[in-house]
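Here is what each chain is made of, one letter per residue.
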Amino acid sequence: MTHHHHRVTLGGKLSAVLVAAGSSVGLGNIWRFPYVAGENGGGAFLLIYIGCVLLLGLPIMVAEFAVGRSTRRNAVGAYHALDRRWSFIGYNSVLAAFLILGFYFVVSGWTVEYTVHSLTGELARHTTAEEYASLFERFITNPWRPLLYTLLFILATHAVIALGVQKGIERSAKVLMPLLFVILIALSIHALLMPGAGEGLRFLFYPDFSKVTASTLLTALGQAFFSLSVGIGTMVTYASYFKPDTNLRHTALNVSLLDTLVAVLAGVIIFPAVFTAGIAPTSGPSLVFITLPGIFNGMPLSMVWSTVFFLLLVVAAITSTISLHEVITAYLHEEWHLSRRAAAWLTTGATALLATLASLSLGVLGGWRIFGLTLFDALDFATANILLPLGSLFTCLFVGWKLDPARLHDEVTNGGELRFRIYGLFIFLLRWVCPIILLLVFLDNLGLY
Ligand code: PHE
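Residues numbered from 1 in each chain as written. Predicted model: local features only at pLDDT ≥ 70, side-chain atom pairs only at ≥ 80, totals over all residues. Heavy atoms only, no water.

Caption draft 1: Highlighting the site of the ligand. Taken together, 15 residues are adjacent to the ligand, and Gly28, Tyr104, Phe226, Ser227 and Ser229 come closest. Residue Ser23 places a main-chain N or O atom 3.3 Å away from a nitrogen atom belonging to the ligand. Separating an oxygen atom of the ligand from a backbone N or O atom of Leu27 is a distance of 3.0 Å. Relative to its free-state accessible area of 330 Å², the ligand is covered by the protein chains to the extent of 100%. Its residues assigned to classes, the shell around the ligand comprises five nonpolar, 10 polar and no charged. (Near = heavy atom within 4 Å. Polar contact = N/O pair within 3.5 Å; in protein donor to acceptor, adjacent residues only side chain to side chain. Areas by Shrake-Rupley, 256 points an atom, 1.4 Å probe, with all protein chains shown as cover. Nonpolar A, V, L, I, M, F, W, Y, C, P; charged D, E, K, R; others polar.)

Caption draft 2: Expanded view of the side chain of Asp259. Among the secondary structure elements, Asp259 is positioned in helix α12 (residues 248-276). Despite being buried, Asp259 has no salt bridge partner; Arg32 is the closest side chain of opposite charge, sitting 11 Å away. Among the polar contacts made by the side chain of Asp259, one reaches the side chain of Asn29 at a distance of 2.8 Å. Apart from the residues lying within four places of it in its own chain, the contact partners of Asp259 are Ser24, Val25, Asn29, Tyr49, Ser227 and Leu228. (Helix = DSSP H or I, 4+ residues; strand = E, 2+ residues; numbered from the N terminus. Buried < 20%, exposed > 50% of the residue type's maximum accessible area, 1.4 Å probe, protein only. Lys, Arg positive; Asp, Glu negative; His and termini not counted. Salt bridge = Lys/Arg side-chain N within 4 Å of Asp/Glu carboxyl O. Contact = heavy atoms within 4.5 Å.)

Caption draft 3: Highlighting unusual backbone geometry. Here the phi dihedral of Ser229 falls at roughly 65°; this positive angle occurs in a residue that is not glycine. As for its placement among the helices and strands, Ser229 is situated in the loop between α10 (214-228) and α11 (234-239). We classify Ser229 as buried; its relative accessible area is 11%. Not every positive phi belongs to a glycine, and Phe371 is a case in point at roughly 50°. Tracing the chain through its elements places Phe371 in the loop between α15 (340-360) and α16 (375-402).

Caption draft 4: Highlighting the packing of aromatic side chains. Counted by the stated rule, this structure contains 31 aromatic pairs. Judged by centre distance (6.5 Å) and plane angle (65°), the rings of Trp86 and Phe394 are edge-to-face. One end of the pair, Trp86, is in the loop between α4 (75-82) and α5 (88-120); the other, Phe394, is in helix α16, and 308 residues separate them in sequence. In this structure Trp86 comes out as buried when scored by relative accessible area, which is 14%. For Phe394, a relative accessible area of 26% puts it in the partly exposed group. Residues Phe420 and Phe426 carry aromatic rings whose centres are separated by 5.6 Å and whose planes lie at 35° to one another, so their mutual orientation is tilted. Just as Phe420 is buried, Phe426 falls in that class too. What links up through ring pairs into an aromatic cluster is the set Phe103, Trp110, Tyr114, Phe136, Phe139, Phe289, Phe309, Phe310 and Phe376. Just above the ring of Phe226 sits the side chain of Arg32; from NZ or CZ to the centre is 5.9 Å. Above the plane of the ring of Trp401 lies Arg431, whose end atom (NZ or CZ) is 4.5 Å from the centre. (Phe/Tyr/Trp six-rings, centres within 6.5 Å; stacked < 30°, edge-to-face > 60°. Lys NZ or Arg CZ within 6 Å of the ring centre and 35° of its normal.)

Right under this line is the structure:
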């Protein structure tokens with residue numbers, strides 16, 4: 001049933017880690033993590049976040065890897081092949097990937113615009129925080145400019161997908177991920193030399209539990225899932241290209257550690273700058289687009305540092321949009337029996353349309369509201385707060401309780417070849433800890449108690 005079509009696999013050992021880390025490391029780490037941590041107590045949030053990654057994110061990632069590699073199918077086909085009644089998890093994935101791309105492509109477009117503006121010196125021409133705020137406001141509400149950059153970014157993502165799994169996804173990850181780490185390390189060193197470095201690091205690493213509330217746990221959990229790319233079939237899809245001898249739990253552990261490392265380094269880069277400039281660390285989503293350009297501006301070689309920083313965002317974003325695009329493309333290709341080319345174009349066209357509407361919803365279409373939210377905010381809310389926790393919840397329930405235990409054990413140990421000493425803990429987390437915590441988060445997000 002499962003091996004009747006020839007499926008491409010990734011080449012080397014490192015490739016599995018690199019492509020999966022490419023998906024995980026994204027705007028969630030560099031744009032979202034610092035401001036969420038800033039708003040939720042810094043060091044204390046970081047500790048809770050790491051707990052969520054290890055206890056929930058990691059087992060779910062292993063579970064998704066097992067589902068993907070044991071079936072070698074797209075997200076829908078994989079669950080369908082294991083138990084057709086659970087195919088809805090796959091459909092949830094495809095829908096979530098589509099909706100995430102709707103706003104993620106828009107933010108990605110901004111990162112390209114800001115890279116260009118850093119390069120041309122346009123960004124350095126402003127001085128006060130108000131000027132940077134109004135620059136950002138004018139830019140995102142402009143009907144044409146953000147669309148242009150967003151479409152450019154979508155076409156770049158399409159080009160990689162069109163090249164295929166090995167020549168596109170794998171090769172781009174092998175070039176872009178090392179580049180990302182080089183930039184991260186250079187920016188971290190630069191940040192550590194700033195006058196506000198001590199204060200920034202203290203904020204990031206000193207756990208002040210007085211700022212922790214009940215909702216901190218929930219925020220940390222949502223951030224961890226989004227950042228790791230778990231619960232929405234990305235890891236199922238990517239694992240379907242893994243080789244039979246890929247060690248699933250080492251891969252998941254490496255990806256989780258890399259993802260967390262990048263989030264921490266993003267904090268190391270941003271907070272010293274924030275404290276050097278004397279700005280509150282809680283300035284929200286605009287931290288990266290309004291606060292940072294202003295801070296860079298006061299520094300020697302500001303053009304270089306801001307260009308490199310926004311380039312980092314572009315690189316992080318594209319390896320993530322590639323993985324989301326692939327979830328939909330693989331589904332359309334295998335389930336609708338379209339050629340891969342046609343499937344990729346259909347995905348590109350549909351997401352471009354949604355992203356266009358989401359972009360315009362911040363400006364000319366702003367009056368058009370869904371439950372009081374702009375389309376842009378509604379897409380963010382619906383995916384992060386509903387589809388993602390739901391997908392994770394049903395993934396644990398299915399893999400923990402429904403999937404044939406022998407098949408699961410076989411898959412995570414490569415047919416008994418690898419030893420898995422804490423297998424019992426893995427199953428316990430999957431069966432009990434993850435579903436119970438997720439249920440609480442989900443109910444809380446819906447405001448049901
Ligand atoms: N993990 C990515 C980020 O941190 C976003 C993402 C979510 C990608 C879900 C794929 C699936 O930016």
